[in-house]
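Take a look at the letters that make up each chain.
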Amino acid sequence: VEAVGTYDKLRESGHDFAQLLAAPSSREEDSTDTESFKRSGSLLYKRQNSESSMDSAGGDAGDSPEAKAIEETQKEGSIGWDVYRAYFRAAGGHLIVLGILFMFLLSQLAASGGDYFLTYWVNKAEQSPEAMANRYGGNIGNDTNSTAEPTSTVEPPKMSIIGQFFSTISEAFASGNEDEDRYIDIYIFTALTVATVIITLTRSMFFFRTAMRASRRLHDAMFNGITRATMYFFNTNPSGRILNRFAKDMGQIDEFLPGVTVDVIQIFLSLIGIVVVVAIVNPYNLIPTVVIGIIFYFMRAFYLLSARNIKRVEGITRSPIYSHLSASLSGLSTIRAFGAERVLVHEFDSHQDLHSSAFYLFISTSRAFGFYLDVFCVIYIAIVTLTFFIRDDSGGNVGLAITQALGMTGMVQWGMRQSAELENTMTSVERVVEYDDVDPEPALEAEGDKKPPKDWPKEGGVQFDKVCLRYAPDPTSEQVLRDLEFVIAPREKIGIVGRTGAGKSSLINALFRLSYNSGSIVIDGRETHEMGLHDLRAKLSIIPQEPVLFSGTLRYNLDPFDEYPDEKLWRALKEVKLEDAVNELPSGLSSKINEGGSNFSVGQRQLVCLARAILRETS
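On a predicted model such as this, the values are computed, not experimentally measured, just so you know.

Points about the packing of aromatic side chains
Item 1. Counted by the stated rule, this structure contains nine aromatic pairs.
Item 2. The interplanar angle of 70 degrees and the centroid separation of 5.3 Å between the aromatic rings of Phe371 and Tyr372 together place this pair among those described as edge-to-face.
Item 3. Judged by relative accessible area, Phe371 falls into the exposed class, the value being 52%.
Item 4. Looking at Tyr372, the relative accessible area reads 48%, which means it is partly exposed.
Item 5. Plain terms: the ring middles of Phe464 and Phe486 are 4.4 Å apart, the flat faces sit at 15 degrees to each other, and that makes the pair stacked. Pair noted here: Phe464 is in strand E1 (residues 462-470) and Phe486 is in strand E2 (residues 481-488), with a separation of 22 residues, a long-range link.
Item 6. For Phe464, a relative accessible area of 3% gives the class buried.
Item 7. Grouped by ring-pair contacts, the aromatic residues Phe104, Phe207 and Phe208 constitute a single cluster.
Item 8. For the cation-ring pair, Arg245 lies above Tyr435, with the distance from its terminal atom to the ring centre recorded as 4.2 Å.

Regarding the sheet that holds strand E3 (residues 516-523)
Item 1. Judged by pairing direction, the sheet is antiparallel, and its four strands sit side by side in the order E2-E1-E3-E4 without closing on themselves. Looking at which strands have only one partner, the edges of the open sheet turn out to be E2 and strand E4 (526-527).
Item 2. Of the pairings in the sheet, the one linking E1 to E2 comprises five bridges and is antiparallel in character. Its bridge partner being in E2, Leu469 is matched across the sheet by Leu481.

A short note on helix H19 (residues 566-575)
Item 1. Of the positions making up H19, those classed as buried are Leu569, Ala572 and Leu573. An end-on view of H19 places all buried positions within 100 degrees of arc, on one side of the element. In H19, the exposed positions that point more than 90 degrees away from the buried face belong to Glu567 and Lys574.
Item 2. Downstream of H19 by a residue or two, Lys577 has a phi angle that is positive, lying close to 65 degrees.

A short note on the side chain of Ser477
Item 1. Residue position: Ser477 is located in the loop between E1 and E2.
Item 2. A relative accessible area of 19% places Ser477 in the buried class.
Item 3. From its side chain, Ser477 meets the backbone oxygen of Asp474 in a polar contact 2.6 Å long.
Item 4. Sequence-distant contacts of Ser477, that is, excluding residues within four places in its chain, are made with Arg470 and Ala472.

Examining helix H5 (residues 81-91)
Item 1. Every buried residue of H5 is accounted for by Val83, Tyr84, Ala86, Tyr87, Ala90 and Ala91. Along the axis of H5, the buried positions cluster into a sector of 155 degrees, meaning they face one direction only. In H5, the exposed positions that point more than 90 degrees away from the buried face belong to Trp81 and Arg89.

Considerations on the pairing of E1
Item 1. With seven bridges joining them, E1 and E3 adopt antiparallel strand pairing. From the neighbouring strand, Phe464 faces E3, where its bridge partner is Ile521.

Brief notes about the environment of Leu511
Item 1. Structurally, Leu511 can be placed in helix H16 (residues 504-512).
Item 2. Sequence separation between Leu511 and Arg537 is 26 residues; the distance between their C-alpha atoms is 8.7 Å.
Item 3. Sequence-distant contacts of Leu511, defined by excluding residues within four places in its chain, comprise Val462, Phe464, Ile521, Ile523, Leu536 and Leu540.

Let's talk about the nonpolar core
Item 1. Judged by nonpolar contacts, the single largest core of 27 residues is most densely connected at Tyr87, Leu218, Ile253, Met426 and Val429.
Item 2. Leave out the neighbours within four places in its chain, and Met426 touches Ile79, Val83, Tyr84, Tyr87 and Leu257.
Item 3. Core analysis: the next-biggest nonpolar cluster, separate from the first, contains 23 residues, Ile310, Phe369, Tyr380 and Val412 among them.

Some words on unusual backbone geometry
Item 1. Note that the residue after Trp456, namely Pro457, is joined by a cis bond; omega there is -5 degrees.
Item 2. In this structure, Pro457 sits in the loop between helix H15 (395-434) and E1.
Item 3. Look at Asp562: it is not a glycine, yet its phi comes out positive at around 55 degrees.
Item 4. Here Asp562 lies in the loop between helix H18 (554-558) and H19.
Item 5. The phi torsion at Lys577 lies on the positive side, around 65 degrees, for a residue other than glycine.
Item 6. The residue Lys577 is located in the loop between H19 and helix H20 (579-583) in this model.

Conventions used here
- Counting restarts for each chain, with residues numbered from 1 along the sequence as it is written.
- Local features in a predicted model are, by the rule used here, given only for residues with pLDDT of at least 70; side-chain atom pairs are given and counted only at 80 or more, and totals for whole chains, interfaces and linings are based on all residues.
- The basis for the side-chain values is all heavy atoms of the structure; hydrogens and waters are excluded.
- The pairing test for Phe, Tyr and Trp rings, Trp by its six-membered ring, is centres within 6.5 Å, and the orientation test on the planes gives stacked under 30 degrees, edge-to-face over 60, and tilted for anything in between.
- For every residue, the accessible area (1.4 Å probe, protein chains only) is compared with the maximum for its type, and the residue is labelled buried under 20%, exposed over 50%, or partly exposed between those bounds.
- Working definition: helices are DSSP H or I runs of at least four residues, strands are E runs of at least two. Numbering for both runs from the N terminus.
- A ring is scored as having a charge over it whenever the NZ atom of a lysine or the CZ atom of an arginine sits within 6 Å of its centre and within 35 degrees of its normal.
- Strand pairing is assigned whenever DSSP detects at least two bridges linking the two strands.
- The directions considered for the arc run from the helix axis to the C-beta atoms.
- For the purposes of these results, a polar contact is taken to be a pair of N or O atoms within 3.5 Å, where, inside protein, one atom must be able to donate a hydrogen and its partner to accept one; residues adjacent in sequence count only when each atom of the pair is a side-chain atom.
- A contact between two residues is defined here by any heavy atoms of the two lying within 4.5 Å.
- Residues belong to one nonpolar core when they are buried, are Ala, Val, Leu, Ile, Met, Phe, Trp, Tyr or Cys, and are joined through side-chain atoms within 4.5 Å.

Without other data, these values stay purely geometric and don't point to any function.
Below you can see the structure in the form of structure tokens.
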């Protein structure tokens, strides 16, 4: 004896009636934790028990197309180059990417050239006769009575190649008039600044247009993959998982990925520019630069080991939130009728807490990474500054090096974080590209003599010959229909009767080729498996048990492809006794239908589906 009591007491005890009836002799010992959980009267446990009873009751349904939802896949390791190549292909190919990189490089050359030109300008001013006279108290030139050091000992610092280049340009435009020649340096600096602005704006516009193209193509490829997927894919993947990719992942690609990519490329080139400029001014600064570069590399690799997988977990834990919310909205009337709001709220909070914990962990690791980057940046700036004080270099060189090194503080931290964020965000591209390769249905259109004539089928004779059907792609999976054989004469009306799970709905799936069939189904002398899916399904009509209406006008629901005139639409509505109800609507056939047809009764929805089927039959 498993339990004794009234029906209400047994229901509250948490026992699964369906399992007790199916296997009364089985006795499994529950753990102490499970028993205490049962006695606690948890609403969540009661709901889980209810779901378990429903699964047990429907477990023998042989024609149930809903296979168990498979776990969402999570890849491991670093983002493969195939993901980046897929994004580059969507952006327009490798030539487009190389063109963008060239524009980034050109912009950075102009910006770094402007920074270095300021150093050349300051050093040039320091070596002018007026500055030299002020520095040495006017004892420069032919003053032989001066006890100061000879002028031959005051030599200007050696000029770099870039400085010689700027000097050559200045001399080329020099007119010989000192007052006018002073403006040449202003013109050169202005030209470098204007060139930087123009190149940067052009580069940004070109890049973001390319990113928009890549995002659109990735979305279209995923949408085409989903719309061509088999029914098995939708039976094993909850709607929230699919919505997650179209909503959050595409949102990351649309809004976040372009900005992160710009930051990574621009900061990377800026850091190279800073290192080159500082190295030109003081080559010894390359030593701490190389050391801190190696430290940053290993810190980033260590950070990505955890951050990348945490980001993937965050994306996976987001899917149940969409699924739960969608299911709750769909069954809102039932939830309110049974007073199960608290149960659903508790479940939603559990899903939300799981997702929030992963997201909080991701933010925490990101902030810790930024803090340690700042610490090493401060040490690097201190070393660079001290080296210039030790060498007693010129003011222009010292000012340039220190300002460039100070700019590295926030830039290095932000750049390293953004480079890690780029790889984390590419997980969204990875998840979107994953749905490009979904197993598609067979060809939509047949070729040659396999394509049926327009007037097919004329008679409507149907013959099943050793038809087998399974819902899973695995050939070794369980078959719902086995070696089914029967013949339906032309224009004959057939009713199929059977218990739940006998295979009635599976026959419809076999006719529409919604599952994996073997054997032969012949309609008016033509094999259905040799036809294209559009050729076959366009000639078959179905009125489902649960009527399906789409958001849009009533005319769109009756004639989605705009193939029939209004006279035929009204004739079909008249045959199903809906003409008066549609006439009462404010816009007639142009009246809007809410999502799921909620502004129509269930009976009216079924009649609309019947009118749709009649309309196709009369064509």
